[in-house]
Amino acid sequence: MKKITYLLLAMVVCCSSAYAQKRKSSSRTKTRTEQTVKLPDDAELVAKAKAGNARAQALVAECYANGTHGVKKNYKEAVKWAQKSADQGDAVGLYQLGVYYDKGQGVASNYTKANSLYKQALAKLKVEAENGDKISQCFLGRCYRFGYGTDKNFTEAVKWFRLPAEQGYAYAQFNLALSYAKGEGVSQSYTEAVKWFRLAAEQGHAEAQLILALCYYDGEGVSQSYTEAVKWYRLAAEQGVAEAQSNLALCYENGYGISQSYTEAVKWFRLAAEQGHAEAQFNLGVRYYNGDGVSQFNLALCYYNGYGISQSYAEAVKWFRLAAEQGNANAQFNLGYCYDNGKGVSQSYTEAVKLYRLAAEQGYAAAQRNLGYCYENGEGVSQSYTEAVKWFRLAAEQGDADAQYNLGNHYYNGEGVSQSYAEAVKWYRLAAEQGDADAQYNLGVCYSNGYGVSQSYAEAVKWYRLAAEQGNAAAQYNLAYCYYKGEGVSQSYTEAVKWYRLAAEQGDAEAQYSLGAFYYNGDGVAKNRATAIRWWKKAAAQGYSPAQEYLREEGVYDW
């Protein structure tokens, strides 16, 4: 069987080699609703996780599962990070992934898989716990508490919680406190529970702060005090715990332990409601209905999102319009968005532009950005790159990452402005540093080619990786290429295959083609002609001619 030739010397001018060239910076704009998933606000933890530290990846998953460290609950992200950890055999990652499969959180329920993961985790946790690893001791305690991979044994659970708790490990202190509160494996004692909740809470453990607040609110294990309850609710609420946000709102609404304020109540009800907290959604709806501390705009948001009231775009439009007519820029923008997308009203780019302009002229960055899109694409207004640049710049200067990215594109391509890679890099960097994956990818391309910046494969790899880890297929493709060539990173076919696969699974034809070549040649993966042909077929079906050519050479014509 022949080995496919790589034709590396022709790579710059020929895309029909087995591994295609790196791509140019993307000039496409992003959709107006595209969001970037926020990372936990623990920089050291995130850096370790991104660098491949399995335990750190497991702890990042825990942040997303609990909605702590500045991120909202997001089980899909939790599963993503737990999978990374579990793939490296980390005991905590295996445990967490088991929980997600067990409860169907972020992934389809699969009790068989969950049980298998629990057993793998339990075996590793026992060894690490006996060797004194406090994190493993704590999670081993949880296995015994819930019967994950073993029979329930509250006494064993308390034993393993106590060891790391006495060493100051907050998560173990929290779990030991729960054992005392419930009388599981130890005599029930709210006093002891409060002692351990406080130790964990003082270290910033959000759930411990919430429960300590509940103890003060109800006077369980401690003298009743609304003032102390508010103190601890606030600390947990500021970490994004929805129940704490809702309870803090109730304190503001009723003036318990703090000066009564409907405005503050609405603020905290909204934050909890946006995380799906049902009671907060109901209470927010009541506040909107009564008009306490909110405007017509807020009532519109209530209808738009279905907070505590039946969702209705038509009703949302009605209230957005009333607020917009009073000059509310936020309402003008949102009403424009409804016209832009035909939500609750007949779709009309002309009306959208009119409303975006009203808000944009008041300095509303999102409206300036969307008005830029309209000029760029000729939607509801005569197409004009010059006008698009004008509005993108106004939004970009206010820190809007999407606008910074698009302004960078215009400088990169010389559309509506004099072409300048240096200016493109400037704006890409600003957006990239805010976590914008497309900007990170394009900044990587600039470093790779020396466009507007000193050429550096190492810097290119840095930015490609950040975008690739957010799921950007083009960045995954280029990162794979860097590993294949050893540009800015140690050469590794195995890593190349990993990143090509991620891009290929997103439907990227060039990545599918390249992944097929790796399987055909047995580079970084076991040689497998059938798998190679399967990936080539996927690329060929998208019209990718190099894949079609190799399939014909293999006598395959059905794609």
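For the structure, check the block above.
All values reported here derive from a predicted model rather than from experimental measurement. (Residues numbered from 1 in each chain as written. Predicted model: local features only at pLDDT ≥ 70, side-chain atom pairs only at ≥ 80, totals over all residues. Heavy atoms only, no water.)

Caption draft 1: Quick look at the overall build of the chain. Along the backbone of the chain there are 29 helices and 0 strands. Once the C-alpha set of the chain is aligned to its principal axes, its extents read approximately 75 × 65 × 45 Å. Sorting the 559 residues of the chain into buried and exposed places 52% on the buried side. Residue pairs at least 24 apart in sequence account for 49% of intrachain contacts in the chain once pairs closer than 6 positions are excluded. Split by element, the accessible area of the chain, about 23600 Å² in all, is 48% carbon and sulfur. When the 57 positive and 57 negative side-chain charges of the chain are each reduced to one mean point, those points stand 4 Å apart. (Helix = DSSP H or I, 4+ residues; strand = E, 2+ residues; numbered from the N terminus. Buried < 20%, exposed > 50% of the residue type's maximum accessible area, 1.4 Å probe, protein only. Contact = heavy atoms within 4.5 Å. Areas by Shrake-Rupley, 256 points an atom, 1.4 Å probe, with all protein chains shown as cover. Lys, Arg positive; Asp, Glu negative; His and termini not counted. Charge placed at Lys NZ, Arg CZ, Asp CG, Glu CD.)

Caption draft 2: Quick look at the state of the cysteines. Under the criterion given, the structure shown has 0 disulfides. The thiol sulfur of Cys143 is not disulfide-bonded, and the nearest other cysteine sulfur, from Cys138, lies at 10 Å. On the basis of relative accessible area, Cys143 is assigned to the buried category, the value being 0%. Considering cysteine sulfurs only, Cys338 is the nearest to Cys374, which forms no disulfide, with 14 Å between them. For Cys374, a relative accessible area of 0% corresponds to the buried category. (Disulfide = S-S within 2.5 Å.)

Caption draft 3: How the structure looks around the side chain of Asn247. Here Asn247 lies in helix α12 (residues 242-254). Among residues more than four places away in sequence, those in contact with Asn247 are Leu210, Leu214 and Tyr233.

Caption draft 4: Just the nonpolar core, in detail. Grouped together as the largest cluster of nonpolar side chains are 100 residues, with contacts concentrated most on Phe320, Tyr500 and Trp536. Considering every element that reaches this core, the biggest residue donor is helix α25 (residues 473-485), with 10 residues. The contacts of Phe320, once residues within four sequence positions are left out, are Phe297, Ala300, Leu301, Tyr304, Ala331, Asn334, Leu335 and Cys338. Core analysis: the second largest hydrophobic core is formed by 87 residues, Trp81, Val92, Leu117 and Ala280 among them. (Core = buried A, V, L, I, M, F, W, Y, C linked by side-chain atoms within 4.5 Å.)

Caption draft 5: Examining the packing of α12 against helix α13 (residues 262-273) more closely. The N-to-C vectors of α12 and α13 enclose an angle of 165°; their axes lie 8 Å apart at closest approach. Taken together, the axis directions place α12 and α13 in an arrangement best described as roughly antiparallel. For the element pair α12 and α13, the recorded crossing hand is left-handed. The residues of α13 that touch α12, namely those facing Ala242, Gln245, Ser246, Leu248, Ala249, Leu250, Tyr252 and Glu253, are Tyr262, Glu264, Ala265, Trp268, Phe269, Leu271 and Ala272. Of the residues in the contact of α12 with α13, the class split is 11 nonpolar, 2 polar and 2 charged. (Axes fitted to C-alpha atoms, helices over the stretch in contact; angles between N-to-C directions. Parallel < 35°, antiparallel > 145°, perpendicular 65-115°, else oblique. Left-handed = near helix turned anticlockwise from the far one by under 90°. Nonpolar A, V, L, I, M, F, W, Y, C, P; charged D, E, K, R; others polar.)

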